[in-house]
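Structural overview for review
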Amino acid sequence: MNKPLDLKEVMIDQATLAKRLRQETFGEVMTDSASRGRYATDASIYQAMPVAVFVPKTAEDIATAIQIAAELGVPVLPRGGGTSQCGQTTGAALVIDNSKYFRNVLDLNLNQGYVEVEPGIVLDHLNGSLKQHGLWYPVDVSTAGQATIGGMAGNNSCGSRSIAYGNMVHNVLGINAWLANGQIAEFGNYANSAGVARQLGDFVKGLANTLQPEIEAHFPKVLRRVAGYNLDIFHPQSELPYTQDGSVNLSHLLVGSEGTLAYFKSLKLKLAPLPKHKVLGIVNFASFYKAMDSAQHIVKLGPTAVELVDRTMIDLARSNPSFKKTIETALIDHTAQTPEAILLVEFSGEAHAPLLEKIMALQELMGDLGLPGSVVSMPDASLQKNLWEVRKAGLNIMMSLKGDGKPVSFIEDCAVPLESLADYTQALTDVFSKYGSRGTWYAHASVGTLHVRPILDMRRDGAQKMRAVAEEASALVRKYKGAYSGEHGDGLCRGEWISWQFGPKITEALTEIKHAFDPQGLFNPGKIINPPKMDDASNFRFSPSYQVIPLQPALDWSAWNVQNNPVTEETTAPGTGGDPAMGLAKAVEMCNNNGHCRKFDAEVMCPSYRVTRDEKHLTRGRANTLRLALSNQLDIKDETSPLGSDAIKEVMELCVSCKACRRECPTGVDMAKMKIEFLSAYKKRVGHSLRDLAVAYLPKYAGTISSIPLLPVILNLRNHIAPIAKLQEWIMGISAQRSLPIWKGNTFWSKPKAIAPYQFSPEALSNQPGVVLLADTFNAYFEDENLQAAITVLTAAGYRIHIPHKSQNKAKNKEQNTCSKEFCCGRTYLAAGMVDKAKETLGELIDHLAPYAQMNIPIIGLEPSCLFTLKDEALVMGFGERAVTVSQQAQLLEEFLASKAKAGKLNLQLKAASKPVLFHGHCHQKSFAAVTPAMELLKLIPNAEPQLIESSCCGMAGSFGYEAEHIEVSKQMAEASLLPSIRKLPDSWVVADGTSCRHQIADGTQREAVHIARILAAHLSVE
């Protein structure tokens, strides 16, 4: 028997543990409360502070760490992406992060169809490398962008296509692992095994033979069963055998063991050919029961997947700008009432024509079932891919509910035979209703596993309801002869149900297996063996002692400060949620720790993590640190505000405010705004540096510098005389490796006669096609050729233009405004944490623009960061309806022109391009879905054939890329994909709307990138 370890006993050795790890390994060792706190949670409702965090660099580091921990009696917890939903990767242990360095392919055998990998490799990365060989690893979990192979094996993950390929356990051929004594054992084919692996296998076989009647009586016969240890490998009970030839593979003992038996060193995986063709049929149902009842008939058509998306998830996806258009392609009529459920039915194979026949058979079947015309046929591969991405994001989409009520994971993995699925889901729905909640359903209808999460408030009565629902759900699972734990493992929320599922004799046998592998009980204690109660409040992330500190944020977060109704999902009025931090804490707490920000796909999030692979430089890591700080769980001493503490500075250091998380995080964690809150608090504590002031006040002094004869020339010498650049770096911290924008004496604002034709009242513009064109600081003083090009294009298109400009009389009446003629969005002030100054200057601009916006006159910007300030930060600064009205009219030049072109109202004569066009989207363009209009507009240029550069942040991010301490990270961000893509096409136009982006491209490739206004102006036909 293993007795639970006492946390107090473990913590005594933290200092010794850390000292020895630093002396005896090359790995990264973290013991501070913020670092440990970032590893205290996973995608579950639980939290447990680690003893320490260790990021090993070599295999020897891991072996040494296991040995040191054993000598000190410290538990060991291996961790990959930290995406487990049941608390598997939380614990008072030495948490060892495999995901940073242990992500290599060790061996690829194409002839025998296997690959051997390290446990930290991410599934999408592995499949990306296999694609060129026409192969893939088919356990396609929804978290494929962040889930590691080691974690997937630890949980016995399944994926959407398990009906065709099986679970993780069916696709693992061997595992090399460290045992608790530091010995390496090779687990593979039992008949060929030797050494300690053979000894352990013989021991387990003896138990299995003795308990064969118990195994046959208690092990569920469904495909989806991942509870406990796979004691039945010697007497298989699943409808899908563990191996095709009936042999026993000892590695299957470790699959699903959640790190409690051994520490994975490498895994040998069985590969499958990539299907050459796929088609999708989406069945729309007006009745959820009918959808569930239909699954048993649909699977007879031989699909590779049958996935459920329920009405709640459809509605939430439609409310998310990232998913709206995609989810509506799955609906028979997106203007009609949302269906109660849809089933995504996929067929795949070597030829396309037979798959289309399968879709026809599906349509015929649904007609026979009384639902003619209910199937959306989707043969297009790109549309299928987009829809699967929405389905994969299902969990996070559902977690985007505002308020304290959230869908809670604890019974979402129950698997029942398909013929009972409809009755089971109906009965469970009634249980939810009984306890004042409702479930959100999605996942694998093909195998009888539906992820259902009742909406519970875990800060109040959620734990009591969770227990009651679990008791009734277990009775239903037993009634329908199913499995209580069907996919996501046991962890802290289902461990106590193992004995319920298997009975006392098998439970005792599982304990004996644990003791044989791990006599001291140091590998991930409290999971599978001696688990705690699922509702032990001391393990909750929001424990009874959880309390947010009172705080007055700089921005308005009241939209997050609400409560919700668990049945209707309606929320209370903004500001009524009871958050002492006025909504900021609730916004931070929206992070459900699923780790979607760890992805490396074609989108942006999270740029700093893509470079460093450090948890602290990740949206999730930042959100966790903020949450811990706002709830006083960090060791912060002698600092004015936890929000402005050094612990928060450490995680915000590399945040480039790209706003990607605003769009790409399905729960809407807006770290760019949270960074503004941090900067405001931090700068109040430590003061502003000379560099801060130079950046913040640039719009104020730019006009003065440009108007003084020879001063721009003198300042520009800095770019040509290295000692001056070095001196500036020493004084201001601006990198000498970076060139600075070129000052000009002849700017847009220095030509009063040229400005005069662009001054119109709202009334004058409303009577004819007219627009407001914003002359921001960068495009007026440094690159006024962009502004002139925009004027040329808009004039050619037939528009009268008003350019906001302060009259001299008005300027004289406003202190500090005499040196600037243009209005300003306040972006530079926000970058320095000067929120009050930003409100002041942005308020002036809003006041000027509001009368134009009220008359529906388009407000056009050239610089994305400035323009989108009007659509983003301006809405949380207390400007009220004026800001909302302005935001509704604010758009980039390409958005405006593309919308007119789509409506057939754009009259621009464009000549053919003589060379190809590359387009790089500014991060804020991507965040606000403004890249597509740019590409559509560029396509209007004959022969342009624009190509979108698939890249994350360019790495400049305003002043970030100029800062000496960030120059290397800035370059690494640019070199990830942006700069190499440009170098591959040396004879092309490079188009980038962001001034920072253009500067990074110029510095990194010695190529000029132009604003979209310039390429349009260059291709205007002059008749």
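Each remark here, short or long, concerns the structure printed above.
I will try to describe carefully the structure that is included in this document. Keep in mind that this is a model prediction, so the values were computed, not measured.

**Comments concerning the overall build of the protein**
When you go through the protein residue by residue, the secondary structure sums to 45 helices and 25 strands. For a compact globule of 1023 residues, the expected C-alpha radius of gyration is about 31 Å, and the protein comes in at 30 Å, within 12% of that figure. With the C-alpha coordinates of the protein rotated into their principal frame, the extents come out at 95 × 70 × 55 Å. Of all 1023 residues assigned to the protein, the portion counted as buried reaches 62%. Considering only residue pairs separated by 6 or more positions, the protein has 74% of its internal contacts joining residues 24 or more positions apart. A total accessible area of about 37,600 Å² is found for the protein, and carbon and sulfur atoms account for 53% of it. Across the protein, 102 positive and 105 negative side-chain charges occur, with their mean positions spaced 4 Å apart.

**So, unusual backbone geometry**
One can expect most non-glycine residues to show negative phi and most peptide bonds to be in trans. Note the cis peptide between Met605 and Cys606, where omega equals -5°. Relative to the helices and strands, Cys606 is located in the loop between helix H20 (584-588) and helix H21 (607-612). The residue Ile528 is not glycine, and still its phi comes out positive at about 70°. Tracing the chain through its elements places Ile528 in the loop between helix H19 (498-517) and H20. When its relative accessible area of 4% is taken as the criterion, Ile528 is described as buried. Phi at Leu710 is positive, roughly 70°, even though this residue is not glycine. Its location among the elements puts Leu710 in the loop between helix H27 (698-707) and helix H28 (711-716).

**Points about the sheet that holds strand S10 (residues 263-270)**
Strand order in the open sheet formed by 5 strands is S5-S6-S10-S8-S9, and the pairing between neighbours is antiparallel. Looking at the sheet topology across the chains shown, the edges are occupied by strand S5 (105-109) and strand S9 (184-187). Between one strand axis and the next, the sheet turns by 10° as a mean value, whatever way the strands run. Here S5 pairs with strand S6 (residues 114-117) via 4 bridges, running antiparallel. Across the sheet, Val105 pairs through a bridge with Val117, a residue of S6. Along the sheet, helix H4 (residues 59-72) makes contact with strand S8 (172-178) and S10, crossing S8 at roughly 60°.

**Thoughts on the sheet that holds strand S23 (residues 917-920)**
Strand order across the open sheet formed by 3 strands is S24-S23-S25, with parallel pairing between neighbours. Edge positions in the open sheet fall to strand S24 (947-948) and strand S25 (989-992), since each of these has one partner strand only. With 2 bridges joining them, S23 and S24 adopt parallel strand pairing. Pairing of Phe919 across the sheet is with Leu948, part of S24. Of the strands in this sheet, S23 and S24 touch helix H41 (residues 931-938), which is tilted by about 165° from S23.

**Thoughts on helix H5 (residues 123-130)**
All of the buried residues along H5 are Leu123, Leu126, Asn127 and Leu130. An end-on view of H5 places all buried positions within 95° of arc, on one side of the element. Those residues of H5 hidden inside the fold are in contact with S5, S6, strand S7 (135-136), helix H6 (149-155) and S10.

**Observations regarding the side chain of His802**
Along the chain, His802 turns up in strand S20 (residues 800-802). Judged by its relative accessible area of 3%, His802 falls in the buried class. A polar side-chain atom of His802 sits 3.1 Å from a polar atom in the side chain of His848. If we ignore the near neighbours within four places in the chain, the residues touching His802 are Tyr758, Gln759, Phe760, Leu765, Val771, Val772, Leu773, His848 and Tyr852.

**Structural notes on the packing of aromatic side chains**
Summed over the entire model, instances satisfying the criterion amount to 21 aromatic pairs. Here the aromatic rings of Trp497 and Trp500 are separated by 6.1 Å at their centres, their planes lie at 80°, and the arrangement is edge-to-face. Consider the rings of Trp743 and Phe782, whose centres lie 4.7 Å apart with planes at 55°: the pair is tilted. You can see Trp743 sitting in the loop between helix H29 (722-732) and helix H30 (752-755) and its partner Phe782 sitting in helix H32 (residues 777-782), a full 39 residues away along the chain. Here the two residues Trp743 and Phe782 agree in accessibility, since each one is buried. Ring pairs connect the aromatic residues Phe288, Phe432 and Trp441, which therefore count as one cluster. One Lys or Arg, Arg459, reaches over the ring of Phe542 and ends 4.1 Å from the middle of that ring. Its guanidinium or amino end placed over the ring of Trp989, Lys915 lies 5.0 Å from that ring's centre, counting from NZ or CZ.

**What about a nonpolar patch on the surface?**
Taken together, the side chains of Leu710, Val713, Ile714, Leu717, Ile721 and Ile724 present a nonpolar region at the surface, about 530 Å² in accessible area. Counting through the fold element by element, Ile721 comes out in the loop between H28 and H29. Ile721 sits in the partly exposed class, given a relative accessible area of 35%.

**Remarks on the pattern of salt bridges**
Scanning the model with the defined rule gives 54 salt bridges in all. Note that Asp413 is salt-bridged to Arg494, the shortest N-O span being 2.7 Å. Of this pair, Asp413 sits in the loop between strand S16 (405-407) and helix H17 (421-434) while Arg494 is found in the loop between helix H18 (462-479) and H19, placing the two residues 81 residues apart along the sequence. Look at Asp413 and you get buried, because its relative accessible area is 0%. Linking Glu840 and Lys837 is a salt bridge whose minimum nitrogen-to-oxygen distance equals 3.9 Å.

How each quantity is defined
Residues numbered from 1 in each chain as written. Predicted model: local features only at pLDDT ≥ 70, side-chain atom pairs only at ≥ 80, totals over all residues. Heavy atoms only, no water. Helix = DSSP H or I, 4+ residues; strand = E, 2+ residues; numbered from the N terminus. Rg over C-alpha atoms; globule rule 2.2 N^0.38 Å. Buried < 20%, exposed > 50% of the residue type's maximum accessible area, 1.4 Å probe, protein only. Contact = heavy atoms within 4.5 Å. Areas by Shrake-Rupley, 256 points an atom, 1.4 Å probe, with all protein chains shown as cover. Lys, Arg positive; Asp, Glu negative; His and termini not counted. Charge placed at Lys NZ, Arg CZ, Asp CG, Glu CD. Pairing = 2+ DSSP bridges. Axes fitted to C-alpha atoms, helices over the stretch in contact; angles between N-to-C directions. Arc of directions from axis to C-beta. Polar contact = N/O pair within 3.5 Å; in protein donor to acceptor, adjacent residues only side chain to side chain. Phe/Tyr/Trp six-rings, centres within 6.5 Å; stacked < 30°, edge-to-face > 60°. Lys NZ or Arg CZ within 6 Å of the ring centre and 35° of its normal. Patch = residues over 30% accessible without salt bridge, like charges linked within 9 Å, V, L, I, M, F, W, Y side chains within 5 Å. Salt bridge = Lys/Arg side-chain N within 4 Å of Asp/Glu carboxyl O.

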